[in-house]
Amino acid sequence: MRRFLLVCVLIITTGFSQAPPKDQLTIIVELDESPENFISEIESRLPRLEVVAQYDTIFNGVAVRGSVDELEKLARMDAVTNQHPVKTYRTQQEPLSFSTDTIRSLGNSSYTGRGVKVGVIDTGIDYSHPDLQINYRGGFDTVDFDNDPMETLTEGATVHGTHVAGVIGANGKMRGVAPDAEIYAYRALGPGGMGSSVQVIAAIEEAVEDGMDVINLSLGNDVNGPDWPTSHAVDRAIEMGTTVVVAAGNSGPDDWTVGSPATSPDAITVGAVALPSEMPVLEIGRRKIMLTPLLGSSKWSLTKKYPLYFVGKGEGEIENARGKIVVFERGIVPFYEKAEKAYRAGAEAAIIYNNEEGGFQGSLNGMNLPIPVVAVTKKEGEWLLEQKDQWAATVWEELDQRMAEFSSRGPITSSWAIKPDVVAPGVDIMSTVPGGYAPLQGTSMAAPHVAGVAALVKEAHPDWEPKKVKQALMSGAEVLDGVQPTEQGMGYIDIERSIEPNLLLDGKLEFGRVQDKFFRDSKTVTITNPTDKEVKVQMKQPGKNPGETWSVPGTTYISPGATEELQVELQISGSMLSDGVHEGYLVVESSSDEYHIPYLYMKESGTYAKVSGFELSRTLNDQVRYRFYLSEQTQKLSVDLYRSGTMVDQGRVLEMDNNQAGMVEGTIDTRKEWKGAYVAAVTATIDGEEFTYTFPVFF
């Protein structure tokens, strides 16, 4: 719990090599004892330091302000157990792609979220927006450590938190899903939408202490495991009675891409779908490429064929672009400068392709240009580069409701859990931003739809604990045809069925990893009848697959208000099955409805990363701290460091034997003065096979 506060300018969670020794800074330290005792020790031993905040709910720790010289002395105190290295969190946002107003068509419930507290842990909120003024109640800023969680409006300006808040509880020209909910803002991500794990954890603590009924976290990282600190913080918040909704991430369409804290088993993890729409597609020969407009771009309205004109990253002046589509590689030059250069050179349009895997978020920073500016993936951009002499045509395609390609997929390593839990609209979502309205897309936009529905459920059932709220949301969801459980969980969110469920189901059938030749296990499905009438329930066996034998209970009658625990058994003959993930749905039929319970097991191994989330950072006492996540037990593990760019070998910095799966952390004693950008090559040996992964590191 935060006891007292002081305005501060900067939070540093690693070393201070870039700060003069007399500069005033604020850090957060984790303790193995009561914060009260530690504060007393600081007051007596280090009187020049000032305690800014105290935490004892989600974790034991304090925020301390002082000079670098004085702060370095904290590392010598026995109670200090950890200085969390900065793990970059990004808002789970993609640039706009469609033009459908999904928010105003979200159901016709009489509930509006009145009296329900919803905390938005994000980039802050522009609480001066006319659509948010009515419902905004306050909050806290764990970036600047003050009571003013305003969006960053100057350098590194953000809009994300304001957009998310509007989806949940706007009440003006736009009305959110829960237009009478009480909105609280917790700014954990600063300029550019970036923040550290400690800032996120501190914001969760603030929200829990302030009595939030629902928390929305439209943020995440790339650690596909349940044991990362932010996931544990979410678990603890839920234990204390707060419903937590988390965006799945934007690293799809590959499997194993849901990142922490969406990996929390008890959180409501949300994937994104696109509603029916018409979309412009670039057509070259038989290849079609989806175009994603940057925020603020003019509409793509080209009707003729145009040649492609490649200009690299756009560092120099562009000439002879009239009547052409200019193609840039992302990097060095800001998006708006690339766009302006293309426009001044007479281009018809501009395409920017990514310089790393996947999609990216982009904005023209308020620049209004008459030409469209769009983004494509690295893979698509490199393919375009090979078509230098080709002309590109624009075609328009009518698309049905579908999974958003960027939406991260499960399952979760080590726990083999099914994620996401549900899906919601996340493509071209119009909502509030500082100064007006704008469409954005990403699982960041899908999560607040579900947080809004959770607020409606809490208004209708104020005594329901988080587990029951989650059951209602998942039980009420509608499965999308042809979509797997690791893409959609239990399906597309449904407001009415969530508020007034006819059945509450609890029990995703997660059988885990199967390594035996013959496997047999049973799982419990708990079904509650919340209505005032008896319900007849019957389970249907999944489709017959070679090597699988299912046993399901017969017809069951559940009395009003009663709960039944039903056993489902699976037998597997491993020799008849291929390696990898096997998943599907078990159908439950009731007197008036049909429900789909997802099942999953993994035979032998999958295509997931064996090492993720690797970090190296310098501590206060000049040690180097490492932290990473292992999805499997390793016999050997080594880390080699290379200079970024030149790849000059800096030597082996770490060797370890027999590590268990889960989070691994520790310190390295070294006198080497590493400064600047490096690449860490992590090699893990598992059952005699080597797996090597590279991670960027900066000192």
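What counts, and where the lines are drawn
Residues numbered from 1 in each chain as written. Predicted model: local features only at pLDDT ≥ 70, side-chain atom pairs only at ≥ 80, totals over all residues. Heavy atoms only, no water. Salt bridge = Lys/Arg side-chain N within 4 Å of Asp/Glu carboxyl O. Helix = DSSP H or I, 4+ residues; strand = E, 2+ residues; numbered from the N terminus. Buried < 20%, exposed > 50% of the residue type's maximum accessible area, 1.4 Å probe, protein only. pLDDT = per-residue confidence, 0-100. Contact = heavy atoms within 4.5 Å. Pairing = 2+ DSSP bridges. Axes fitted to C-alpha atoms, helices over the stretch in contact; angles between N-to-C directions. Phe/Tyr/Trp six-rings, centres within 6.5 Å; stacked < 30°, edge-to-face > 60°. Lys NZ or Arg CZ within 6 Å of the ring centre and 35° of its normal. Parallel < 35°, antiparallel > 145°, perpendicular 65-115°, else oblique. Nonpolar A, V, L, I, M, F, W, Y, C, P; charged D, E, K, R; others polar.

(A) Focus on the pattern of salt bridges. Under the defined criterion, the tally for this structure stands at 24 salt bridges. For Arg-344, the salt bridge goes to Glu-340, with nearest N and O atoms at 3.1 Å. Of the two residues, Arg-344 and Glu-340 are both situated in helix H6 (residues 335-344); the distance of four residues between them amounts to about one turn of the helix. What makes Arg-344 exposed here is its relative accessible area of 65%. Among the ionic pairs, Asp-506 bridges to Lys-467, the shortest N-O distance being 3.5 Å. Of the two residues, Asp-506 sits in strand E26 (residues 504-506) while Lys-467 sits in helix H9 (residues 466-475), which places them 39 residues apart along the sequence. Relative accessible area serves as the criterion here: at 27%, Asp-506 is assigned to the partly exposed category.

(B) Region of the structure containing the confidence of the model for the protein chain. Looking at the protein chain as a whole, the pLDDT averages 85, with 91% of positions reaching at least 70. Per-element confidence in the protein chain is highest for strand E8 (residues 182-187), whose mean pLDDT is 98, and lowest for strand E5 (residues 89-91), whose mean pLDDT is 57. Scored below 50 in pLDDT, residues 1-21 shows 72 contacts in the model against residues more than four places distant or in partner chains. In this model residues 94-104 is a low-confidence stretch, pLDDT under 50, and it forms 57 contacts with partners more than four residues away in sequence or in other chains.

(C) A look at the sheet that holds strand E21 (residues 391-399). Here eight strands make up an open sheet; going across it, the order is E15-E14-E21-E17-E18-E19-E20-E16 and the pairing mixed. The sheet is open, and its two borders are formed by strand E15 (287-290) and strand E16 (292-293), each paired with just one other strand. Two strands pair when backbone bridges link them, and strand E18 (residues 325-329) and strand E19 (residues 349-353) are joined in this way by five bridges, in the parallel orientation. Residue pairing across strands places Val-327 opposite Ile-351, the latter belonging to E19. H6 rests against E18, E19 and strand E20 (373-376) of the sheet, and its axis sits at about 150° to E18. The strands touched by helix H7 (residues 378-385) within the sheet are strand E14 (277-284), E15, strand E17 (306-310), E19 and E20, with E15 carrying the most contacts at an inclination of about 135°.

(D) Local environment of the packing of aromatic side chains. For the coordinates displayed, the defined rule picks out ten aromatic pairs. An aromatic cluster of at least three residues, connected via ring pairs, comprises Phe-614, Tyr-626, Phe-628 and Phe-695. Lying over the aromatic face of Trp-383, Arg-287 brings its terminal NZ or CZ to 4.5 Å of the ring centre. In this structure, Lys-610 is placed above the aromatic ring of Tyr-608, and the distance from its NZ or CZ to the ring centre is 4.4 Å.

(E) Looking closely at the environment of Gly-271. Within the secondary structure, Gly-271 sits in strand E13 (residues 268-274). Judged by relative accessible area, Gly-271 falls into the buried class, the value being 0%. In sequence terms Gly-271 and Thr-563 are 292 residues apart; their C-alpha atoms lie 29 Å from each other.

(F) Main features of the pairing of strand E12 (residues 243-247). In terms of burial, E12 is largely enclosed, as five of its five residues are buried. Here strand E10 (residues 214-217) pairs with E12 via four bridges, running parallel. For Ile-215, the partnering residue across the bridge sits in E12 and is Val-244. Of the pairings in the sheet, the one linking E12 to E13 comprises three bridges and is parallel in character. Considered in E13, the bridge of Val-245 is made with Ile-268.

(G) How the structure looks around the packing of helix H4 (residues 197-209) against helix H5 (residues 229-239). Two numbers describe how H4 lies on H5: the axes approach to 9 Å, and their chain directions differ by 5°. The pairing of H4 with H5 is recorded here as roughly parallel in orientation. Of the residues in H5, those touching H4 at Ser-197, Val-200, Ile-201, Ile-204 and Val-208 are Pro-229, Thr-230, Ala-233, Val-234 and Ala-237. Its residues placed into classes, the contact of H4 with H5 shows eight nonpolar, two polar and no charged.

(H) Structural view of H5. Counting buried positions over the eleven residues of H5 gives eight, a clear majority of the element. When H5 is considered as a whole, its buried residues turn out to be Pro-229, Thr-230, Ser-231, Ala-233, Val-234, Asp-235, Ala-237 and Ile-238.

(I) The arrangement of the sheet that holds strand E39 (residues 662-668) in detail. Strand order in the open sheet formed by three strands is E35-E36-E39, and the pairing between neighbours is antiparallel. What marks the edges here is a single partner per strand, and that holds for strand E35 (611-618) and E39. Direction aside, neighbouring strands of the sheet carry axes that sit 10° apart on average.

(J) Summary view of unusual backbone geometry. The residue after Gly-252, namely Pro-253, is reached through a cis peptide bond having omega 10°. Along the polypeptide, Pro-253 turns up in the loop between E12 and E13. Here the amide bond leading from Gly-410 into Pro-411 is cis, since omega sits at -5°, within 30 degrees of zero. Within the secondary structure layout, Pro-411 lies in the loop between strand E22 (402-403) and strand E23 (422-425). With phi around 55°, Phe-145 is a residue other than glycine that occupies positive phi space. Relative to the elements of secondary structure, Phe-145 occurs in the loop between strand E7 (136-141) and helix H3 (160-169). Positive phi outside glycine occurs at Ile-332, with the angle close to 65°. Along the chain, Ile-332 turns up in the loop between E18 and H6.

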